[in-house]
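# An overview of the molecular structure
Listed below, chain by chain, are the residues.
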Amino acid sequence: MKTTFAGAINYGLRRALEDDPKVVLMGEDIGRLGGVFRVTDTLQKDFGNNRVIDTPLAESGIVGTAFGMALRGLRPVCEIQFDGFVYPAFDQIVAQVAKIHFRTRGKVVAPITIRIPCGGGIGSVEHHSESPEAYFAHTAGLRVVAPSNPADAYLMIRQAIALDDPVIFFEPKRRYWDKADVDFDRLDRDGGPALDRARVCASGEDATIVAYGGTVATALTAADIAASEGHSIEVIDLRSLSPIDFDTIETSVRKTGRLIVVHEAPVFAGLGAEIAARITEHCFYQLESPVLRVGGFDIPYPPAKLERHHLPDPDRILAAVDRTLAA
């Protein structure tokens, strides 16, 4: 079935609502409107106001209410309308949701999925194009994931909702309209990679590129261009940002000897820094050159007309490929 990234999440939410009466959706304008990006379109009509809940414009209240629901046995799925709006709920997420399982010595779980459209590339205004993943990946007790394609969008939202752990689910908004064939029944029947596993989406011998979310397609484009220039690049879709599947990355780097990490967030203290440090520790004798990072600049997200200069593009990734191959 041909579907968009947004449509795949919608179908995943639909099946979760059908399969488990404890699943409830909540967020600003997700019901009657179907969400700003129409990810929840028709779900309130089909499942009612008690299962798909339009909330006030109060992110702290959304997550706080979801936390209470989870403690009473429900499985809430929250939508934060835009990435920059998650900060009012930050205290609820990192001080309450993330800690309850440890605080109660495993007696209490918080099966909450928090969906966050993230990243740039849509020409939006201030507070609508953020990449806050490092904040949450740094917080023990949270799973943090970022699908990059429609099939993973469906599979991973299903897996996230089924978990008893709280999951921060980042959705790259510039990929919402990407289309692909997705066999939903096969994914339900046979499954796919576990939620915490990375995926090698292009094999190569000369260097490894690790990316996630919105930058995976960019990395694959760069790898195709590099191939036309005679370079064989392996591309890994990280998928899970916490925990990180270092085994898959290390296996690739031991083969290629070179690593480039790509993300939209600023390079300083981003996920790429943790990956670079860990791979340098574990693969020091296999590395032929230093681990390189390609990311956003260390500035507040720029105005829409300048965002193409801020976001990693194939040219910036290929410049890193040239640097690592020349070392």
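## A short note on helix α10 (residues 246-256)
Turning to α10, its buried residues are Phe246, Thr248, Ile249, Glu250, Ser252, Val253 and Thr256. If you follow the buried residues of α10, they end up packed against β9 (199-202), β10 (207-211), β11 (233-237), β13 (259-266) and α11 (271-282). Two residues or fewer past α10, Gly257 is found with a positive phi of approximately 80°.

## Structural notes on the sheet that holds strand β3 (residues 52-54)
Ordered in space as β3-β2-β4-β5-β7-β6-β12, the 7 strands form an open sheet in which the pairing is mixed. Across the chains shown, the open sheet's two edge strands, defined by having one partner strand only, are β3 and β12 (240-242). Neighbour-to-neighbour, the strand axes of this sheet turn through a mean angle of 20°, independent of strand direction.

## Describing the pairing of strand β14 (residues 292-296)
A large share of β14 lies buried, amounting to 4 of its 5 residues. Note: β13 against β14, 4 bridges, orientation parallel. The residue of β14 that forms the bridge with Val261 is Arg293. Between the parallel elements β13 and β14, the chain passes through α11 in a crossover that is right-handed.

## Some words on the sheet that holds β10
The strand order across the open sheet built from 5 strands is β9-β11-β10-β13-β14, with neighbouring strands paired in mixed fashion. Single-partner strands in this sheet number two, and they are β9 and β14. Along the sheet, successive strands turn relative to each other by an average axial angle of 25°, direction set aside. As judged from the 3 bridges shared by β10 and β13, these two strands associate in the parallel manner. When the sheet's bridge partners are listed, Ile209 is paired in β13 with Ile260. Relative to the sheet, helix α13 (residues 314-326) contacts β10, β11, β13 and β14, its axis offset from that of β14 by approximately 165°.

Reading the values: rules and limits
Residues numbered from 1 in each chain as written. Predicted model: local features only at pLDDT ≥ 70, side-chain atom pairs only at ≥ 80, totals over all residues. Heavy atoms only, no water. Buried < 20%, exposed > 50% of the residue type's maximum accessible area, 1.4 Å probe, protein only. Helix = DSSP H or I, 4+ residues; strand = E, 2+ residues; numbered from the N terminus. Contact = heavy atoms within 4.5 Å. Pairing = 2+ DSSP bridges. Axes fitted to C-alpha atoms, helices over the stretch in contact; angles between N-to-C directions. Right-handed = clockwise from strand over helix to strand, strands pointing away.

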